[in-house]
Amino acid sequence: MTPRALYVHIPWCLKKCPYCDFNSHEAADPPFDAYGHQLVEDLEADLEDFGHQPLKSIFFGGGTPSLMPPQALEPLFAALDRHRLINAATEITLEANPGTRDLGHLAGYQALGVNRISIGVQSFNPASLAHLGRVHSVDDARRCIEDAQTRGFEKLNVDLMHGLPAQQAEDVLFDLNTALSMGISHLSWYQLTIEPNTAFYKHPPTLPDESSLETAEALGLQCILDAGLAQYEISAYARPGHEAEHNLNYWEFGDYLGIGAGAHGKLTIDGRLMRTTRTRHPNHYLNRDSAHAERHYLESATVATECLMNGLRLKRGMSYSLFQERTGLDPHTVRREQFARADALGLLEPDRFQATPLGWRHLNTLLEMLV
Ligand code: SF4
């Protein structure tokens, strides 16, 4: 049986960041209680349609999930218990913005069963935080990490960005060293990209040039490895045993239910793969206009491409047997049809879908060959 996870989207933020293209909305006083009940309806509708299966992991993403009072999440956790979908081993992550730092919330999430916190720090440099329009200070970020550690969250991720306006290599190293010196177990280290439909797209900031980016990236990678974290995906680094189960499930093409405004799901049904997408705007979602907005099955060519777009992001790639298990397709045929050029260039290891060191350095090229 394909493992199954659950993604829960919380769509509100204190303020929209200028680089953000997520489904996030500024709101002074979001209707969290009503939203919590709608999440339960979504979950139970999905269970009825897709069957009960224990969850490998749950991820509360956003938006800013840490804005949501724990009490508003109680009905959802009660439903998860009632349907026996979680146990003590289920990884349950909640994203926290240091600007919403609240010890009561943190204790409440923990009491509900949240056992992993992902903190959106982005930078420890006040100027960079200002460029990014973040609502929190450097001090908020440090204290948010310390709060989570004091509460005993051993599984702790910090998000950091690089390639920021006016950022030099030494700034990148300062951010990394600050996070790593705080004993975190997982790091997500992303390059800022300018996405359509963002304030940065309309008014682009000046970003570091390619050569500065490359230098900072090489120095940054070494800094992370020296601190004892291993890279296991393009942007993900972890101490041994602290890889994010939830993200691994995406990259290994597992199934997931998606509940909440705009949430996506992926399910294996009688050997076919279905995508689900819920109504995007929180108001429409709460009005229950079309909570199950869209469902469609994937064509087999799309299945192969999507699976490999995910699997090749992992350093260890994907074995042929896992590929076959998740897609029902013959890996040898897919390799012949989609990777003749990549093989000729030496970008893939033999007998599995895994980038060679050369392929890893040119991963974008390799992934583009799939599309
Ligand atoms: S806090 Fe996160 S989700 Fe909210 S606007 Fe900023 S980047 Fe987007």
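These numbers were taken from a predicted model, which means no experiment stands behind them. (Residues numbered from 1 in each chain as written. Predicted model: local features only at pLDDT ≥ 70, side-chain atom pairs only at ≥ 80, totals over all residues.)

**What about the domain arrangement of the protein?**
We note that the domain assignment places domain 1 (4-249) and domain 2 (299-371) within the protein. A straight line from the C-alpha centre of domain 1 to that of domain 2 covers 28 Å. Contacts between domain 1 and domain 2 engage 4 residues on the former and 4 residues on the latter. Considered class by class, the residues forming the side of domain 1 that touches domain 2 number 2 nonpolar, 1 polar and 1 charged. (Domains from an automatic or database assignment. Contact = placed C-beta atoms within 7 Å. Nonpolar A, V, L, I, M, F, W, Y, C, P; charged D, E, K, R; others polar.)

**Observations concerning the site of the ligand**
C13, K16, C17, C20, F22, S24, G62, G63, T64, N97 and G120 make up every residue found near the ligand. Residue classes in the shell around the ligand are distributed as 4 nonpolar, 6 polar and 1 charged. (Near = placed C-beta within 6 Å.)

**Describing the pairing of strand β1 (residues 4-10)**
Counting buried residues in β1 gives 7 out of 7 residues, a clear majority hidden from the surface. Burial along β1 is two-sided: the residues R4, L6, V8 and I10 and A5, Y7 and H9 are all buried. Two strands pair when backbone bridges link them, and β1 and strand β11 (residues 255-259) are joined in this way by 5 bridges, in the parallel orientation. Its bridge partner being in β11, A5 is matched across the sheet by Y256. (Buried ≥ 20, exposed ≤ 12 C-beta atoms within 10 Å, placed from the backbone. Helix = DSSP H or I, 4+ residues; strand = E, 2+ residues; numbered from the N terminus. Pairing = 2+ DSSP bridges.)

**Quick word on the environment of A148**
Within the secondary structure, A148 is located in helix α5 (residues 138-150). Here the alpha-carbon distance between A148 and W12, two residues 136 residues apart in the chain, equals 22 Å.

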